[in-house]
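One letter stands for each residue in the lines below.
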Amino acid sequence: MNINYLDDSDDDSSMDNLSLIATRGVCQIMQNNNRLLELCMDSASSQSTPGGSVPGHRVIYRNREVANRQLHMDYFNEEPVFNEEYFFHRFRMCRSLFLRIIIVVKDHDGYFQQRRDATGRLGLSMMQKATAVFRILAYGVPADATDEYIKIGESTANESVKRSYRVIVEIFSDQYLREPNANDIARLLHIGEQRGFPANGIAPLANYVIESKKYNMGYYLADGIYPKWSTLVQTIREPRDQKKMYFAMKQEACRKDVERAFGVLQSRFAIVAGPVRYWCKQVLHDIMKTCIILHNMIIEDERDLSAPVMDSVVAPTPTVENVHDEEAYFRNFLQ
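Undergrad: Teacher, can you tell me more about unusual backbone geometry here?
TA: One non-glycine residue with positive phi stands out, namely Lys 151, at about 65°. For Glu 238, which is not glycine, the phi torsion reads 55° and is therefore positive. Looking at the element boundaries, Glu 238 is found in the loop between β4 (232-234) and α9 (242-268).

Undergrad: Just checking my understanding: could you explain the pattern of salt bridges for this structure?
TA: If the charged atoms of two oppositely charged side chains come close together, the side chains can form a pair. In this structure the tally under the stated criterion is 9 salt bridges. For Arg 166, the salt bridge goes to Asp 286, with nearest N and O atoms at 2.8 Å. Of this pair, Arg 166 sits in helix α7 (residues 154-176) while Asp 286 is found in helix α11 (residues 281-302), placing the two residues 120 residues apart along the sequence. When its relative accessible area of 27% is taken as the criterion, Arg 166 is described as partly exposed. Judged by its relative accessible area of 3%, Asp 286 falls in the buried class.

Undergrad: I'm lost on the packing of helix α4 (residues 95-108) against α11 in this one. Help?
TA: Axes are the key here: two packed helices are described by the angle between their axes and the distance separating the axes. Between α4 and α11, whose axes approach to 11 Å, the crossing angle comes to 135°. Taken together, α4 and α11 sit at an angle that is classed as oblique. In the packing of α4 onto α11, the handedness of the crossing is right-handed. Where α4 abuts α11, its residues Leu 97, Arg 100 and Ile 101 lie against Leu 294, Met 297, Ile 298, Glu 300 and Asp 301. For the contact of α4 with α11, the residue count by class is 5 nonpolar, no polar and 3 charged.

Undergrad: Looking at this model, I keep getting lost on the packing of α4 against helix α5 (residues 126-139). Mind explaining?
TA: Contact geometry of α4 with α5 gives a least axis separation of 11 Å together with a crossing angle of 115°. Crossing handedness for the pair α4 and α5: right-handed. Residue-level inspection shows Phe 98, Leu 99, Ile 101, Ile 102, Val 105 and Lys 106 of α4 in contact with α5, the latter providing Met 126, Met 127, Ala 130, Thr 131 and Phe 134. Class assignment for the residues of the contact of α4 with α5 results in 9 nonpolar, 1 polar and 1 charged.

Undergrad: Got a minute to help me understand the packing of aromatic side chains in this structure?
TA: Each aromatic ring pair is summarised here by two numbers: the centre-to-centre distance and the angle between the ring planes. Per the stated rule, a full pass over the model turns up 13 aromatic pairs. Consider the rings of Tyr 75 and Phe 87, whose centres lie 6.0 Å apart with planes at 70°: the pair is edge-to-face. A residue pair is termed long-range when its members are at least 10 positions apart, and Tyr 75 in helix α2 (residues 64-76) and Phe 87 in helix α3 (residues 84-91) qualify at 12 residues. When the ring of Phe 76 is compared with that of Phe 87, the centres are 5.8 Å apart and the planes differ by 80°; the resulting orientation is edge-to-face. Here Phe 76 is found in helix α2, whereas its partner Phe 87 is found in helix α3, with 11 residues between them in sequence. Since its relative accessible area comes to 14%, Phe 76 is described here as buried. An aromatic cluster of at least three residues, connected via ring pairs, comprises Tyr 75, Phe 76, Phe 82, Tyr 86, Phe 87, Phe 91, Phe 98 and Phe 134. When the ring centre of Tyr 111 is taken as origin, the NZ or CZ atom of Lys 129, which lies over that ring, is 4.0 Å away. A cation over an aromatic ring shows up here: Arg 135 above the ring of Phe 91, its NZ or CZ 5.3 Å from the ring centre.

Undergrad: Whenever I open this one, the nonpolar core confuses me. Can you help?
TA: A general tendency of soluble globular proteins is for nonpolar side chains to be buried together. In terms of nonpolar packing, the biggest core is built from 46 residues, with Phe 98, Ile 101, Phe 134 and Ile 271 touching the most fellow members. Looking at this core, the elements with two or more residues in it are α2, α3, α4, α5, α7, α10 (270-273) and α11.

Undergrad: What's the story with α2 in this structure? I'm lost.
TA: Residues three or four positions apart in an α-helix share a direction because the helix packs 3.6 residues into each turn. Those residues of α2 that sit buried are Arg 64, Ala 67, Asn 68, Leu 71, Asp 74, Tyr 75 and Phe 76. In a view along the axis of α2, the buried residues occupy a sector of 135°, so they form one face of it. Its buried side turned inward, α2 meets α3, α4, α5 and α6 (147-150).

Undergrad: Just to check I follow, could you spell out the environment of Lys 129 for this structure?
TA: With respect to the element layout, Lys 129 can be found in helix α5. Side-chain polar atoms of Lys 129 contact the backbone oxygen of Tyr 111, separated by 2.8 Å.

The rules behind each value
- Residues numbered from 1 in each chain as written.
- Predicted model: local features only at pLDDT ≥ 70, side-chain atom pairs only at ≥ 80, totals over all residues.
- Heavy atoms only, no water.
- Helix = DSSP H or I, 4+ residues; strand = E, 2+ residues; numbered from the N terminus.
- Salt bridge = Lys/Arg side-chain N within 4 Å of Asp/Glu carboxyl O.
- Buried < 20%, exposed > 50% of the residue type's maximum accessible area, 1.4 Å probe, protein only.
- Axes fitted to C-alpha atoms, helices over the stretch in contact; angles between N-to-C directions.
- Parallel < 35°, antiparallel > 145°, perpendicular 65-115°, else oblique.
- Left-handed = near helix turned anticlockwise from the far one by under 90°.
- Contact = heavy atoms within 4.5 Å.
- Nonpolar A, V, L, I, M, F, W, Y, C, P; charged D, E, K, R; others polar.
- Phe/Tyr/Trp six-rings, centres within 6.5 Å; stacked < 30°, edge-to-face > 60°.
- Lys NZ or Arg CZ within 6 Å of the ring centre and 35° of its normal.
- Core = buried A, V, L, I, M, F, W, Y, C linked by side-chain atoms within 4.5 Å.
- Arc of directions from axis to C-beta.
- Polar contact = N/O pair within 3.5 Å; in protein donor to acceptor, adjacent residues only side chain to side chain.

In structure tokens form, the structure reads like this:
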């Protein structure tokens, strides 16, 4: 009987060959995968990226949690770094009114509620978004100017501005843009009477004479952009003689009393006085209405509506001659 014996050296060489073939196969597969990845990356870079991705967009890590804690320490702690006077100067209102507004806004629109992102990290707080909104409103700065302190991106700040103004208009218009009621009218008439206006709020009949011509209709003071109508009294541009200079001075002085009403908004909210930063008409409409609403809320917050209307204090005797009949004085001046 013949018996064949296998050599151990032949088995070792066969295993080495198989291992070498397997290694070469794995390397070839890895090279093919790398080539496919390079082709996919080159194809993606040469085509426009669909969806919300922005080519070349750089992700900036903003430590918004630290910024939120610092914001609370500066303005909203029990003993903040900046007191009520600083708060009013920078937010244009007292702290209690500010908190009242943002709580209502947060309950009305879920956008302002703090949430966690997909990684579990907390997003911007309501305080951060509201502070950015009111800084833009008060100082008229661009949206990215609040990034360094609040740690809020430009697009997020703009979105917060648009949403918050819309919410304020929706919530507070009925109360702070309403027509005056009976109590408001009575109060305004009483104050006006103390300042020389008609007691019943009805203007007297217009009856006056200018250069021997009688007039029995009222008129409005206007500037040069209005048409040349008989009911619109405009100033005289570049007056030359004393009569025209006096007329222009009186007309412009009275007109400025009306213009000061808009000047109040400009002095309180710089966004109204500066250049327009938004293009949508609805956003501009919301900005103006928001400024008026907030102004009325601030006035209401600063005064005691239940206090009785006090008569004006008697002024000291003037040291200059007063004109008691200004109409007669003006008529004599024209003659």
